[in-house]
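Examination of the molecular architecture
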Amino acid sequence: MRAQPPAGRPGDGADALFGPEDLDTGPASRPYEGAGPMFRDSPEARRMLSVRTVFAEPAAAASPRGRQVLARYPDAEIVPVDSHWRIPDLHGNEGNVDRWVRIKTETLVLGEKKTLTTRPNGRSADWIAPGPANGCAMACAYCYVPRRKGYANPVTVFTNIERAVAHLSRHIARLGPKPEPNQCDPAAWVYDIGENSDCSVDALISDNVADLVDAFAKWPTAKASFATKFVNPDLLLLRPRGRTRVRFSLMPQSDSRLLDIRTSPVASRIAAAADFLDAGYEVHFNLSPVVLRPGWEGDWSLLLRHMDDVLPARVKRQAAAEVIMLTHNQDLHELNLGWHPRAEDVLWRPGLQQPKRSENGSWNVRYRHDVKAGAVATMRELVAAHAPWLRIRYAF
Ligand code: SF4
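Residues numbered from 1 in each chain as written. Predicted model: local features only at pLDDT ≥ 70, side-chain atom pairs only at ≥ 80, totals over all residues.

1. Comments concerning the overall build of the protein chain
- The number of helices and strands found in the protein chain is 15 helices and 18 strands.
- Relative to its 396 residues, the protein chain shows a buried fraction of 47%.
- If you take every contact in the protein chain between residues at least 6 apart in sequence, the share linking residues at least 24 apart comes to 77%. (Helix = DSSP H or I, 4+ residues; strand = E, 2+ residues; numbered from the N terminus. Buried ≥ 20, exposed ≤ 12 C-beta atoms within 10 Å, placed from the backbone. Contact = placed C-beta atoms within 7 Å.)

Shown next as structure tokens:
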């Protein structure tokens, strides 16, 4: 098919013709080839992931991407499994709560994503795309990423990323150009590629994220987007050509220290924004979750003033933000009491929250309607007062 005029920046090279026939569905690509020393081989990256056990579906382990991952961890024990969803050693073992972070550090799962779906969203993105992975090596106490692989939820790398790329290519081609602007983006269809993982950490393990960034760089009517709490300098080696939006998640450092276990310090996420912009990413901010506790307004004011002080004008000009109030969950609350009870002092506030039965039958808790409306209004006022350049895409 013939491509629409590029929505990227002039001269950014996003004017290539594209179509499913253009996809490289052959062996795993090598987007970092010739890049020299990489962060993912550094001691810091190895502290995040020092893999000793890989649970692997045989076909996933034998695939080019699977072999690439296994080659990164040559000393790891490989344990064959029938399905990446059914791993008895990880599933339903509540005793693993004690070893939560160790499992995240030392365990990986390799699997093939069987069902590829893209579903509408309308908030963070227009569409939720099949992602490069499921699970996370970090351990935010409020994380909603489904803990379907047992409580620790270590990273599962999907080794058939070329199928996800082909699926997305067809989806984007079918849609054609975006008919009208919306809060997600004025011109491009935005696809969230990191709903169930943190892409910056996924990029420590394999080239899946690089393959998605490369693919979106060639699709002139679409844009990838992912939220992240980790700064991975390897992503600066890619050429996103304005077609990937990184949303750095931010919260006051005092909250982050308590709740964002294993993530990059908030100040370093802000400090990285200009580098990512200069590398060709669009950079937005995810002000979330907003956790209501004594003094929250003052700490958010400090954070916004810090952003105003240190971010260069070129970042501010293109920045936008989403503001999301905390949603918690009763099962997660009980689980957290087993490994990180101090977090629950601020996350579990029955006097301010109301329960709502979720689609999967568990109880979510959100701030009461009146509490939430007041807090959203306060956040809007704080942004207007301290970071007036920061357009709020949506707040809820
Ligand atoms: S970084 Fe994101 S995916 Fe990872 S634990 Fe935190 S909230 Fe969950």
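That covers the picture; the talk isn't over yet.
2. Some details on the sheet that holds strand β10 (residues 222–228)
- Taken in spatial order, the 8 strands line up as β4-β5-β9-β10-β11-β13-β14-β18 in an open sheet, and their pairing is mixed. Each end of this open sheet is capped by a strand with a single partner; those strands are β4 (119–120) and β18 (391–395).
- By the bridge criterion, 4 bridges tie strand β14 (residues 320–325) to β18 in an arrangement that is parallel. Residue pairing for β18: V323 is matched across the bridge by A395.
- Helix-sheet contacts for helix α7 (residues 208–217) involve β10 and β11 (244–250), and the interaxial angle to β10 is about 145°. (Pairing = 2+ DSSP bridges. Axes fitted to C-alpha atoms, helices over the stretch in contact; angles between N-to-C directions.)

3. Notes on the nonpolar core
- Core analysis: the biggest nonpolar cluster contains 104 residues, and L110, Y191, A273 and V283 have the highest contact counts within it.
- A total of 7 residues in this core trace back to one element, the largest contributor, which is α7.
- Residues within four places of Y191 in sequence aside, it is in contact with A125, W127, A129, L168, A222, A224 and S225. (Core = buried A, V, L, I, M, F, W, Y, C linked by C-beta atoms within 7 Å.)

4. Side note on the environment of L303
- Along the polypeptide, L303 turns up in helix α11 (residues 296–310).
- Classification of L303 as buried rests on a count of 24 C-beta atoms within 10 Å.
- Once residues lying within four places of it in the same chain are set aside, the contact partners of L303 are L250 and P252.

5. Thoughts on helix α3 (residues 64–72)
- Taken together, the buried positions of α3 are occupied by R65, G66 and V69. Summarising the axial view, the buried residues of α3 lie within an arc of 100°, below the 170-degree limit, and thus occupy one face. (Arc of directions from axis to C-beta.)

6. Overview of unusual backbone geometry
- That bond from S288 to P289 is cis: its omega, -15°, falls within 30 degrees of zero.
- The backbone phi angle of R262 is positive, close to 80°, even though this residue is not glycine.
- Assignment of secondary structure puts R262 in the loop between β12 (260–261) and α9 (266–271).
- R262 sits in the partly exposed class, given 17 other C-beta atoms within 10 Å.

7. Overview of the pairing of strand β16 (residues 353–357)
- Two elements, β16 and strand β17 (residues 363–367), share 5 bridges in a ladder whose sense is antiparallel. Bridging across to β17, Q354 finds its partner in R366.
- Hairpin connection, β16 to β17: the antiparallel pair is bridged by 5 residues, and G361 has positive phi, about 95°.

8. Points about the packing of α11 against helix α15 (residues 369–386)
- Between α11 and α15, the least distance of the axes is 9 Å, while the angle of their chain directions is 35°. Regarding α11 and α15, the two cross each other, and that crossing is right-handed. On α15, the residues that touch E297, W300, S301, L304, R305 and D308 of α11 are T378, M379, L382, V383 and H386.
- Taken together, the residues of the contact of α11 with α15 break down into 5 nonpolar, 3 polar and 3 charged. (Left-handed = near helix turned anticlockwise from the far one by under 90°. Nonpolar A, V, L, I, M, F, W, Y, C, P; charged D, E, K, R; others polar.)

9. Section: the sheet that holds strand β3 (residues 107–111)
- Ordered by their spatial adjacency, 5 strands build an open sheet running β2-β1-β3-β8-β6, and the pairing between neighbours is mixed. At either end of the open sheet lies a strand with only one pairing partner, and these are β2 (77–80) and β6 (133–134).

10. Some points on the environment of T115
- Mapped onto the elements, T115 comes out in the loop between β3 and β4.
- Classification of T115 by C-beta neighbours within 10 Å gives exposed; the count is 5.
- Sequence spacing of T115 and P130 is 15 residues, and the spatial spacing of their C-alpha atoms is 8.8 Å.

11. Remarks on the packing of helix α5 (residues 161–175) against α7
- Taken N-terminus to C-terminus, the directions of α5 and α7 make an angle of 20°; their axes are 10 Å apart at the nearest point. The orientation of α5 relative to α7 falls into the category roughly parallel. Crossing handedness for the pair α5 and α7: right-handed. Across the interface between the two elements, I161, V165 and L168 from α5 touch N208, D211, L212 and A215 from α7.
- Among the residues making up the contact of α5 with α7, the classes are represented as 5 nonpolar, 1 polar and 1 charged. (Parallel < 35°, antiparallel > 145°, perpendicular 65-115°, else oblique.)

12. Quick word on the confidence of the model for the protein chain
- Chain-level pLDDT for the protein chain is 90 on average; 90% of the residues reach the 70-or-more range.
- Confidence drops under a pLDDT of 50 for residues 1–28, and excluding neighbours within four residues, the segment shows 51 contacts in the predicted structure. (pLDDT = per-residue confidence, 0-100.)

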